[in-house]
Amino acid sequence: MSPQKIVAIVMLVSLMLGAGMEINRAHLMAALKDFGLIARAVLANFILVPIFGVVLVRLLHVEGFVAIGILLMAIAPGVPFLVRAAGQKSGGSLGFAAALAFIMPALSIITIPLTVRFVLPPEAQAHLPAAQVALTLVIFQLVPLLIGMLVADRAPDLAAKLGRPLTLLFILAVLVLLVLLGRTLVEAVASVYGSRGMLAMLAISILALVTGWLLGGPVSEYRHTLAIATALRNIGTCAVIATANFPDTLVSATVLTYLLIQFVVTIIFRIYLHRSAAPAAVASKA
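Residues numbered from 1 in each chain as written. Predicted model: local features only at pLDDT ≥ 70, side-chain atom pairs only at ≥ 80, totals over all residues. Heavy atoms only, no water.

Undergrad: I tried to follow the overall build of the protein chain on my own but got confused; where do I start?
TA: Counting its secondary structure elements, the protein chain contains 14 helices and 0 strands. In sequence order, the secondary structure elements of the protein chain are arranged as α-α-α-α-α-α-α-α-α-α-α-α-α-α. Long-range contacts, defined as pairs at least 24 residues apart, comprise 82% of the intrachain contacts of the protein chain with a sequence gap of at least 6. Here the protein chain has roughly 13,100 Å² of accessible surface; of this, 71% comes from carbon and sulfur atoms. (Helix = DSSP H or I, 4+ residues; strand = E, 2+ residues; numbered from the N terminus. Contact = heavy atoms within 4.5 Å. Areas by Shrake-Rupley, 256 points an atom, 1.4 Å probe, with all protein chains shown as cover.)

Undergrad: Sorry, what's going on with the confidence of the model for the protein chain here?
TA: Reading fine detail from the predicted coordinates is not recommended where pLDDT is low. Predicted confidence across the protein chain gives a mean pLDDT of 82, with 86% of residues reaching 70 or more. Counting interchain partners and residues more than four positions distant, the pLDDT-below-50 stretch residues 280-286 has 0 contacts. (pLDDT = per-residue confidence, 0-100.)

Undergrad: What should I look at first to understand helix H6 (residues 94-119) in this one?
TA: Three or four residues apart is the spacing at which side chains of an α-helix point the same way, because the helix has 3.6 residues per turn. Between its terminal C-alpha atoms H6 stretches only 32 Å, short of the 38 Å expected from 26 residues at 1.5 Å a residue. The largest bend in H6 amounts to roughly 45 degrees and is located at isoleucine 109, with the proline proline 113 lying one to four residues further along. (Expected span 1.5 Å × (residues − 1). Bend = angle between axes of the 7 residues up to and from the residue.)

Undergrad: Sorry if this is basic, but what is going on with helix H8 (residues 130-154) here?
TA: The end-to-end C-alpha distance of H8, which contains 25 residues, comes to 34 Å, matching closely the 36 Å that a straight helix rising 1.5 Å per residue would cover. Roughly 35 degrees is the biggest bend found in H8, and it falls at valine 138. Every buried residue of H8 is accounted for by Val133, Leu137, Gln141, Pro144, Leu145, Gly148, Met149, Val151 and Ala152. (Buried < 20%, exposed > 50% of the residue type's maximum accessible area, 1.4 Å probe, protein only.)

Undergrad: Explain the packing of helix H3 (residues 35-59) against helix H4 (residues 64-74) here, please?
TA: Each pair of packed helices can be described by the angle between their axes along with the distance between the axes. Taken N-terminus to C-terminus, the directions of H3 and H4 make an angle of 160 degrees; their axes are 8 Å apart at the nearest point. Taken together, the axes of H3 and H4 lie roughly antiparallel to each other. Along this stretch, H3 crosses H4, giving a crossing that reads as right-handed. Contact with H3, carried on its side by Asn45, Val49, Pro50, Gly53, Val54 and Val57, involves Ala67, Ile70, Leu71 and Ala74 of H4 and no other residues of that element. Class assignment of the residues belonging to the contact of H3 with H4 gives a composition of 8 nonpolar, 2 polar and no charged. (Axes fitted to C-alpha atoms, helices over the stretch in contact; angles between N-to-C directions. Parallel < 35°, antiparallel > 145°, perpendicular 65-115°, else oblique. Left-handed = near helix turned anticlockwise from the far one by under 90°. Nonpolar A, V, L, I, M, F, W, Y, C, P; charged D, E, K, R; others polar.)

Undergrad: Quick question: what am I supposed to make of the packing of H3 against helix H12 (residues 220-231) here?
TA: As a packed pair, H3 and H12 sit with axes 10 Å apart at the nearest point and diverge in direction by 25 degrees. Considered as vectors, H3 and H12 are oriented roughly parallel to each other. Of the two possible hands of crossing, H3 and H12 adopt the one that is right-handed. Judged by residue contacts, Leu37, Ala41, Ala44, Asn45 and Val49 of H3 engage Tyr222, Leu226, Ala229 and Thr230 from H12. Classifying every residue of the contact of H3 with H12 by side-chain character gives 7 nonpolar, 2 polar and no charged.

Undergrad: Would you explain the packing of aromatic side chains in this entry?
TA: Any aromatic ring pair is given by two values, namely how distant the centres are and how the planes are angled relative to each other. Per the counting criterion, the structure on display carries 2 aromatic pairs. Between the aromatic rings of phenylalanine 96 and tyrosine 222, the centroid separation amounts to 5.4 Å while the plane-to-plane angle is 70 degrees, which identifies the pairing as edge-to-face. Placement of the pair is phenylalanine 96 in helix H6 and tyrosine 222 in helix H12, with a sequence separation of 126 residues. Judged by relative accessible area, which is 1%, phenylalanine 96 ranks as buried. (Phe/Tyr/Trp six-rings, centres within 6.5 Å; stacked < 30°, edge-to-face > 60°.)

Undergrad: Would you explain a nonpolar patch on the surface in this entry?
TA: A contiguous nonpolar patch, built from Ile6, Val10, Leu169, Leu172, Val176 and Leu180 and spanning about 440 Å² of accessible area, is present on the exposed surface. Structurally, valine 176 can be placed in helix H9 (residues 156-181). According to the relative accessible area criterion, valine 176 is partly exposed, its value standing at 33%. (Patch = residues over 30% accessible without salt bridge, like charges linked within 9 Å, V, L, I, M, F, W, Y side chains within 5 Å. Salt bridge = Lys/Arg side-chain N within 4 Å of Asp/Glu carboxyl O.)

Undergrad: Just checking my understanding: could you explain the pattern of salt bridges for this structure?
TA: Note that side chains of opposite charge can pair when their charged atoms are close. Enumeration according to the criterion identifies 1 salt bridge in this entry. Linking aspartate 153 and arginine 154 is a salt bridge whose minimum nitrogen-to-oxygen distance equals 3.9 Å. Classification of arginine 154 by relative accessible area gives exposed; the value is 67%.

Written out as structure tokens, the structure is:
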């Protein structure tokens, strides 16, 4: 097993454990009762964003491993730290964020192996046996998520104490992966830029954000949460798939480049919402 794959697995497992520990079962069950909202979230993340990815990669003539990296991110929803990124403290819905933090990673175990057959180019599909991908996601994505939920349910104090160390472990894993990729990352940035890959990533992220906002419904907290949930793709899942199935290529570095772009897009969005909400709060008090 390569060092890059080991680090990617650490990244994914730490993400999913942390996500599970942030999910409140009561909030999860309450959010699941709103079938229409959950259905729109599934539509946005599992159908529309992959379509955006395929269309934009073709329109902008992005090819090779750069295209594979972009499409992997497009078909992999379920960012594990959604409760923090789009929960109540960020102006969203805590219950809805908790539901999505569980539903999307869980469903993606089934959808990713199926979606690659329709989204990725034929030469890439040969590197992604469906059974192997599904098994990898069950072991390193679903199992840690369920363990995290169990710890949160049985030992909430322990879960609260482990949250910060797991976040730091994820950040450390990202930094180590950046160092390990080194020259490949530089080549990827140059290749992505030259192939209009960055433009494709930016366009997909913005379209995903707008789609989530529009499908979030009339409640502003739900719109906020679904917009961010749809724009942020699962870097941990994609990093594991890229390092395991496309070693020594630009796929891993492209995934990391996409990570940076989606964070910039969502941070700008959150700053805009925060600034636009401030005058409204002042007006309501006056």
